[in-house]
Every structure is written in C-alpha cells, then in structure tokens.
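Each chain is listed here by its residues.
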Amino acid sequence: MTIFLLTLVIGGTVLGDLLKAAAMRRLGEISHFGPRSLIESVTELARDASIWLSIAGYAVSFFAFMALLSVEDVSFAVPATAGAYVVETLLARIFLREMISARRSAAVVLVTCGVVLISW
Amino acid sequence: MAPLSREAEPDRSPRWSGPLLQPATATFREFLFRRGARILACRATIPGGIRGRRRDTALKTTGFLLTVIVANALGNVVLGYGMEQVGSIASYSPAELIYSGLQAMANPWVLAGVGLLLLFFIAHAIVLSWADLSYVLLVTSIGYVLVAVLSWGFLGEQISETRWAGTLLVTLGVALSGFTPVSTVGELEAEDES
C-alpha cells in the first residue's frame, strides 16, 4: 500500500510538472503582464488539454499524499517523495529535451540528499 | 496645389545595370544594410540591446522565482494554520468532503492559503514559459531552507544538526544550479546535429 501511494504521489507531481511545462512551452514566453495579455494567455492555455491533465496529476498527488500520511509518519513520507527530483530531471531530459549538464546533475544530487536530511 | 501622391514619386532604389559580376557585391551591400538596420531596430526597441534583454530576462526570472518560493512556503503555512482551526474531517464520504470543503473556505486563513497557492501555481506556470523545468525545480527547492530558517527564527523550533546539514546541502545545490543556464531549449538538438 505504501509503495502504491508513494508511486501515486511522485507520479502525480512529475506528470503535473512535465505537462504544465510542455503546455507553457507551447504557449511561448510570456513577456507582457497587463491584464489583457494575461487573460489572452489564460484563454489560450485553457484550450490545451495538457494543462487540465497537469491539474489532475497534482490533484492525484495531493490526495495520495494525504492518504500516505494516514498510514506512514511524516518523517518517512516527505523524504521519500524527494525522489521526485531525480525522476523529474531525467524525464525533463527525455521529454522536454532539456540539457542536463554535469553541474545540474550534481545540483540534483545535492538537493535530493539535502531534502532527505531536512525532512528526516 | 499639386496632388500628394506616392505613386508619382520616382523610384530612387539602387539598381545595377553594369557587368554581371557586380550584382553579388550589390546583394552583399544590401545584406549588410539590412543586417545593420535590423541591429539598429533591435537596439531601438530593447533598451541596452541584447545585453539589456538578457538583464531583463534575468530580473524577470528572479522576480517570478521569488514569488514562487515565498507564495508556496507561506501558502502551505497559512493553509495549515487555517485547517487546524477548522478541525479534522470526520468522514471521507463525497458529500461530507464537499461540506467540509465549503466550511473550510469560510475561514479567512484557509481562503488566504488557497489564494497564495493559486498565486504560486500562476507564477510557476509563467516562469516555465521560458525557463527549464529542471532549473526551476532546483532553484525553488530553497523553499525547504526558507521554512526551516523561519521555523527556527520566528517559531523558536529546535533544528537538529542533521537538518542543518540538509539545509547546507540544499543551499549548495541551489547555488550550483544558479551557475547553469535558465533555458537550454534547442541546445540538445544543436549538439545532436554537430
């Protein structure tokens, strides 16, 4: 049960972030922040199915995290979800074609270890 | 009074009517002229030219990342405080969940927390429109450090040595990611081609 819930938490967050990033990249760089420009961007974004799937992913992750907290301690739940950093970076390399340099990889390792220690 | 007509004006654009070899020079001159005009137009629209644009993007990225970090940390704390006031949910049936949700929304702290998390979602989406997900993910992890330092400084919580070590590692990781480019879109394709 714990592994299943943990998979849902990490999977939901990763899916949510990847789909959101993909939808925003398709929309293009937002450089005008007036109300009219923002409303236009939001309207265009609402037509992209990815953003709705992304919100669904976040919702699944949120409820799965709540359920995980009901069966496991916070000291286990939070550090375990730090694995999302590694998974998300790898998937960003594959699906979003981002360049993961040695420096960025080292940063991912440092942050993941740091989050585990902070939440322990 | 003579009529003002653009069609009546003589065509003053340079035309070549000399030897065959010359048009290449004329085309090259035209190319240089167009390129120069484009650079001048670019400098006229972007204050400070390309450097100005880079500086603007860096400022924009910093501003939105700060909003993401602060709105997320504050939103979670405020929402948590509000939910403590509302009390625990007695039943997880759909009707009870909807009723509890509506009841929770009547609490100003819950409302403020939801508003801050909405701000986090929007700012996060905006910054992702030009920045790498892997970059944003790393830099925003400084939120863990922010929460640890705030809970130590303002709430007087005891922070263990392990937690301080974790804080140091996250800070180092974020600092290291700060030395990587904000966006690497297209770099991988360029590397594949070369």
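Because the structure is predicted, anything quoted here is derived from the model rather than measured.

Cut-offs and rules
Residues numbered from 1 in each chain as written. Chains lettered and ligands numbered in written order. Predicted model: local features only at pLDDT ≥ 70, side-chain atom pairs only at ≥ 80, totals over all residues. Helix = DSSP H or I, 4+ residues; strand = E, 2+ residues; numbered from the N terminus. Buried ≥ 20, exposed ≤ 12 C-beta atoms within 10 Å, placed from the backbone. Contact = placed C-beta atoms within 7 Å. Axes fitted to C-alpha atoms, helices over the stretch in contact; angles between N-to-C directions. Left-handed = near helix turned anticlockwise from the far one by under 90°. Nonpolar A, V, L, I, M, F, W, Y, C, P; charged D, E, K, R; others polar. Expected span 1.5 Å × (residues − 1). Core = buried A, V, L, I, M, F, W, Y, C linked by C-beta atoms within 7 Å. Arc of directions from axis to C-beta. Parallel < 35°, antiparallel > 145°, perpendicular 65-115°, else oblique. pLDDT = per-residue confidence, 0-100.

*Asks:* Just give me the short version of the overall build of chain B, but keep the residues and values in it.
*Replies:* On a plain count of helices and strands, chain B comes out with eight helices and zero strands. In chain B, which comprises 194 residues, the proportion classed as buried is 24%. A sequence separation of at least 24 residues applies to 74% of the contacts in chain B between residues at least 6 apart.

*Asks:* Run through the overall build of chain A, naming residues and quoting values.
*Replies:* Along its length, chain A carries six helices and zero strands. Taken along its principal axes, the extent of the C-alpha atoms in chain A is 45 × 35 × 25 Å. In chain A, which comprises 120 residues, the share counted as buried stands at 35%. Taking as baseline every contact in chain A between residues at least 6 positions apart, the subset at least 24 positions apart corresponds to 82%.

*Asks:* Give me the packing of helix H5 (residues 133–140) of chain B against helix H7 (residues 161–177) of chain B: which residues, what numbers.
*Replies:* Residues and elements named next belong to chain B. Relative to each other, H5 and H7 sit at 145°, their axes nearing to 8 Å. In this structure, H5 meets H7 at a crossing whose hand is left-handed. Facing Tyr135, Leu138 and Val139 of H5, the residues of H7 in contact are Gly173, Val174 and Ser177. For the contact of H5 with H7, a count of residues per class yields four nonpolar, two polar and no charged.

*Asks:* Lay out the interface of chain A and chain B with the relevant residues and their values.
*Replies:* Opposite the 33 residues of chain A that make contact, chain B presents 31 residues. Elements represented by at least two residues in the side of chain A that touches chain B include exactly helix H1 (2–27), helix H5 (83–95) and helix H6 (102–119) of chain A. A per-element tally of the side of chain A that touches chain B places H6(A) first, with 13 residues. Each residue belonging to the side of chain A that touches chain B can be placed in one class, and the counts come to 21 nonpolar, four polar and eight charged.

*Asks:* Break down helix H3 (residues 94–105) of chain B for me, citing the residues and quoting the values.
*Replies:* For H3(B), which comprises 12 residues, the first-to-last C-alpha distance of 17 Å matches the rise-based estimate of 16 Å (1.5 Å per residue) to within 8%. The buried fraction of H3(B) amounts to one of the 12 residues, a small share that puts the element mostly on the outside.

*Asks:* Could you give an account of the nonpolar core, with specific residues and numbers?
*Replies:* Residues Val111(A), Val68(B), Val127(B), Leu128(B), Val136(B), Leu138(B) and Val170(B) are the most contacted members of the largest nonpolar core, which totals 56 residues. Beyond its immediate chain neighbours, meaning those up to four positions away, Val111(A) contacts Tyr85(A), Leu138(B), Ser141(B), Val170(B), Gly173(B) and Val174(B).

*Asks:* So what's going on with H5(A)? Residues and values would help.
*Replies:* Residues and elements named next belong to chain A. With 13 residues, H5 should cover 18 Å at 1.5 Å per step; its first-to-last C-alpha distance of 18 Å lies within 8% of that length. Taken together, the buried positions of H5 are Ala84, Tyr85, Glu88, Thr89 and Ala92. Viewed end-on, H5 has its buried residues packed into an arc of 130°, placing them on one side of the element. One or two positions beyond H5, positive phi appears at Arg97, with a value near 55°.

*Asks:* Outline the packing of H5(A) against H5(B), supporting the account with residue identities and numerical values.
*Replies:* Helix-helix packing: each pair is described by the crossing angle between the helix axes and the interaxial distance. Relative to each other, H5(A) and H5(B) sit at 160°, their axes nearing to 9 Å. Classified by the angle their axes make, H5(A) and H5(B) are roughly antiparallel. The hand of the H5(A)/H5(B) crossing is left-handed. Of H5(B), the residues touching H5(A) (which contributes Tyr85(A), Glu88(A), Thr89(A) and Ala92(A)) are Leu133(B), Ser134(B) and Leu137(B). Of the residues in the contact of H5(A) with H5(B), the class split is four nonpolar, two polar and one charged.

*Asks:* Residues and numbers for the confidence of the model for chain A, please.
*Replies:* Per-residue pLDDT for chain A averages 88, and the proportion of residues at 70 or more is 99%. Confidence, expressed as mean pLDDT per element, reaches its minimum in chain A at helix H4 (residues 74–81) of chain A with 74 and its maximum at H1(A) with 91.

*Asks:* Could you give an account of the environment of Gly57(A), naming the residues involved and the relevant values?
*Replies:* All names here are of chain A. Topologically, Gly57 is positioned in helix H3 (residues 49–71). The class for Gly57 is buried, based on 21 C-beta atoms found within 10 Å. The sequence separation of Gly57 and Val9 amounts to 48 residues, and the corresponding C-alpha distance is 9.0 Å. Leave out the neighbours within four places in its chain, and Gly57 touches Gly12, Leu15, Gly16 and Leu19.

*Asks:* Describe in detail the confidence of the model for chain B, supporting the description with residues and values.
*Replies:* All names here are of chain B. On average, residues of chain B carry a pLDDT of 74, and 65% of them reach 70 or more. The spread of mean pLDDT over the elements of chain B runs between helix H1 (residues 22–45), the lowest at 50, and helix H4 (residues 108–128), the highest at 92. For residues 16–25, every residue scores under 50 in pLDDT, and the model assigns this stretch three contacts once sequence neighbours within four places are set aside. At the level of chain-chain contacts, confidence expressed as ipTM amounts to 0.88, with global pTM at 0.74.

*Asks:* Describe unusual backbone geometry, listing the residues and the values that go with them.
*Replies:* Phi at Arg97(A) is positive, roughly 55°, even though this residue is not glycine. Its place among the elements puts Arg97(A) in the loop between H5 and H6.

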